[in-house]
Number of protein chains: 2
Amino acid sequence: MNELLSPRARTLKAYVPGEQPKDMKYIKLNTNENPYPHSPKVDEAVEGVMGRLALYPSAEMEDLRDAIAEDSGLPSRDWVYCGNGSDEVLALAFQAFFGGEEPLLFPDITYSFYPVYCRLYGIEMQEMPLDDALRINFAQYDRPCCGVVFPNPNAPTGIWEDSACIESVLKAHPDHVVLVDEAYTMFSPGSAAGLLTQYPNLAIVRTLSKSHSLAGIRCGYILADPALIQGVAAVKNSFNSYPLDAMTQAGARAAIEDRAHAEKNCARIVATRDRTALMLRKMGFSVCPSQSNFLFVTHPQHDAKKIFDLLREYGILVRHFAAPERIANYLRITVGTDEQMNRVVETLLRML
Amino acid sequence: MNELLSPRARTLKAYVPGEQPKDMKYIKLNTNENPYPHSPKVDEAVEGVMGRLALYPSAEMEDLRDAIAEDSGLPSRDWVYCGNGSDEVLALAFQAFFGGEEPLLFPDITYSFYPVYCRLYGIEMQEMPLDDALRINFAQYDRPCCGVVFPNPNAPTGIWEDSACIESVLKAHPDHVVLVDEAYTMFSPGSAAGLLTQYPNLAIVRTLSKSHSLAGIRCGYILADPALIQGVAAVKNSFNSYPLDAMTQAGARAAIEDRAHAEKNCARIVATRDRTALMLRKMGFSVCPSQSNFLFVTHPQHDAKKIFDLLREYGILVRHFAAPERIANYLRITVGTDEQMNRVVETLLRML
């Protein structure tokens, strides 16, 4: 890389973002977007702030944080911080919570950004192998560390773990933060948010991208004890003292307040997911027991990369991860509408 | 700070953002916002993407970067990168360009975030004193360093320096990046953008917050040789692989394309600025020769903090910086409408 760049930048490998085709000719089941539209209240709310865009947005994001606190059953907005998508919030949380000599623990098969943040911020890391059923092996996590992070449901497996598992980790590490990435929580049986007031070392990250059909709005948030939130805010304000843009603050708040709309869409997706999983199993696929808005599948007789390529030829985009080796024969298929999933099943039936 | 926080986070002092009063009862001349509305094309553009918010926004931000490249007279979008406000872009640029043993050089009186970024990212720094007229002393900058950064016009002085000065620094440091922060460039006689294709070590940061009346939209951008842009993108994608939200991408593009609208508003502000400066000088104020959308003023017989407090009582918010000592008796007054500035002058006449 260019000699004008900093030593830090010269060591980074540029990330290649997932495909976002512009021509819309594909059935797009590769980035876990929601197939149903967002709440119409979002449009009204955005329109309502268009006349005030010459002014800086509310630095404290009070209205949005109030709405999230209420939605999450937390005492006040002091338990909430918001960023440009849950990735930004995760990056800030990594800086605020993790570091020092001991490693951060996370599953070996999980959201691929965790090791990227560790490298960027100089955080030691230790990847903990999933068990043979691709589940998190919580017994392993009782070892020296600077913290723990995992998604629940995990990605890309879609497997959800109950609160007892999460509590076991929280109790094993009272002096370190356990960060639970709940990007897919509204497609699962429940959240760890009820544990927040009992465990000052618990932090939860969420996003409006999937459950609230707002991937385009870039809004994620973290829930935690106010002492942890202050740490995240201090990192954020040393990086960029400005908050989410005014349109996103207003739109996200409206979406959060219209919980019924998101719940209805999520319930439809869950029904489609379970119906699709059943059909895929009948075709010989092994399907991870998903509690998210995607299915992680493998077929003992067929090569995943070949299926991926064929589906693409038939106009269906899904996701294939070449690494790690253990999941190289899996595909991650976002759950779309019933019609879209019928197309997937029909196409697979023709192909295989 | 809380023991659960990382060593990094425990050393940070939480930044206190500038006042953003919600009740609108103040004449708000404290954060350099534009008093005129943004282009109506922004509203149309935002409305046009509201139906697509369930999808992730364009990761490469092609349309927005194309528009900026054209507006800036650059060969292609490979010379452009965008972020959530120029603060985010600056933070990414600091990580991409600066580091190592030698210090980053910047003026002792300048944008107060530069030392914050240096502390956050472990970059050595050396503050270079402005001369007695509060101008950047470019002769001093010919010394070992890892790079140079300064705003042009400088903040909070508002003083602009011509391309010859900038070229002297570029030539002194061909192996290091010279980062010119042009947040206020559209209120000044000219930009350094014309030098970009000659100097691969030049990078320029800009924002739509002031000139385009879009502080609420959070869009800033950097212009540089594609090799530098790739470094910024690599840092950005290691931090948060998602781009600006879809509404901001669309709105910012529309604003950039309606350059005539921004130019008209900037010209009005420049006229008001020069008229106001004249009146303030007649009242005994010393006024820095501003080429920005604010005036940096001091009065030999009056205490700046007292004037600040009195103006506030009269419903006018301006900015007072308690530190550094050398500017503690100055006020920074954003240039608003003619009517607002008449109110400032009348109020000062009554008070002093």
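Residues numbered from 1 in each chain as written. Chains lettered and ligands numbered in written order. Predicted model: local features only at pLDDT ≥ 70, side-chain atom pairs only at ≥ 80, totals over all residues. Heavy atoms only, no water.

Comments concerning the sheet that holds strand E4 (residues 125-128) of chain B
Residue and element names in this part refer to chain B.
Point 1. One open sheet holds the seven strands; their spatial order is E2-E8-E7-E6-E5-E3-E4, and the pairing between them is mixed. Each edge of the open sheet is held by one strand with a lone partner, namely strand E2 (80-83) and E4. The mean inter-strand angle of the sheet, taken between neighbouring strand axes irrespective of direction, is 20 degrees.
Point 2. Where strand E5 (residues 147-151) meets strand E6 (residues 178-181), four bridges bridge the pair, whose relative direction is parallel. (Pairing = 2+ DSSP bridges. Helix = DSSP H or I, 4+ residues; strand = E, 2+ residues; numbered from the N terminus. Axes fitted to C-alpha atoms, helices over the stretch in contact; angles between N-to-C directions.)

Remarks on the domain arrangement of chain A
All names here are of chain A.
Point 1. Splitting chain A by domain gives domain 1 (2-37 + 260-351) and domain 2 (40-258).
Point 2. On a C-alpha basis, the centroid separation for the pair domain 1 and domain 2 is 23 Å.
Point 3. Every contact between the two is made by 31 residues of domain 1 and, on the other side, 29 residues of domain 2.
Point 4. Carbon and sulfur atoms supply 65% of the area buried between domain 1 and domain 2, which totals about 2300 Å² over both sides.
Point 5. Taken as a group, Cys266, Gln291 and Arg326 account for 26% of the area that domain 1 buries against domain 2, more than any other trio of residues on that side. (Domains from an automatic or database assignment. Contact = heavy atoms within 4.5 Å. Buried area = accessible area lost by both parts, 1.4 Å probe.)

With respect to the relation of the copies chain A and chain B
The pair of chain copies shares a relation made of a rotation about an axis and a shift along it.
Point 1. Relative to chain B, chain A is turned by 180 degrees and slid 0.0 Å along the rotation axis, the superposed coordinates differing by an RMSD of 0.0 Å. Here the transformation between the copies is reduced to the relation of a two-fold axis.
Point 2. Most of the interface of chain A is mirrored in chain B: 100% of its interface residues are interface residues there too. (Least-squares fit on C-alpha atoms with pLDDT ≥ 70 in both.)

Overview of the state of the cysteines
Point 1. Tallying each qualifying case throughout the model produces zero disulfides over all chains.
Point 2. Left without a disulfide partner, Cys165(A) is nearest to the cysteine sulfur of Cys288(A), which lies 16 Å away. (Disulfide = S-S within 2.5 Å.)

Description of the pairing of strand E10 (residues 294-298) of chain B
Residue and element names in this part refer to chain B.
Point 1. Where burial is concerned, most of E10 is hidden: five out of the five residues are buried.
Point 2. Residue alternation in E10 divides its side chains into two sets, Phe294, Phe296 and Thr298 and Leu295 and Val297, and both sets are buried.
Point 3. Direction of pairing for strand E9 (residues 286-287) relative to E10: antiparallel, over a ladder of two bridges. Across the sheet, Ser286 pairs through a bridge with Thr298, a residue of E10.
Point 4. Count of turn residues in the E9/E10 antiparallel hairpin: six residues. (Buried < 20%, exposed > 50% of the residue type's maximum accessible area, 1.4 Å probe, protein only.)

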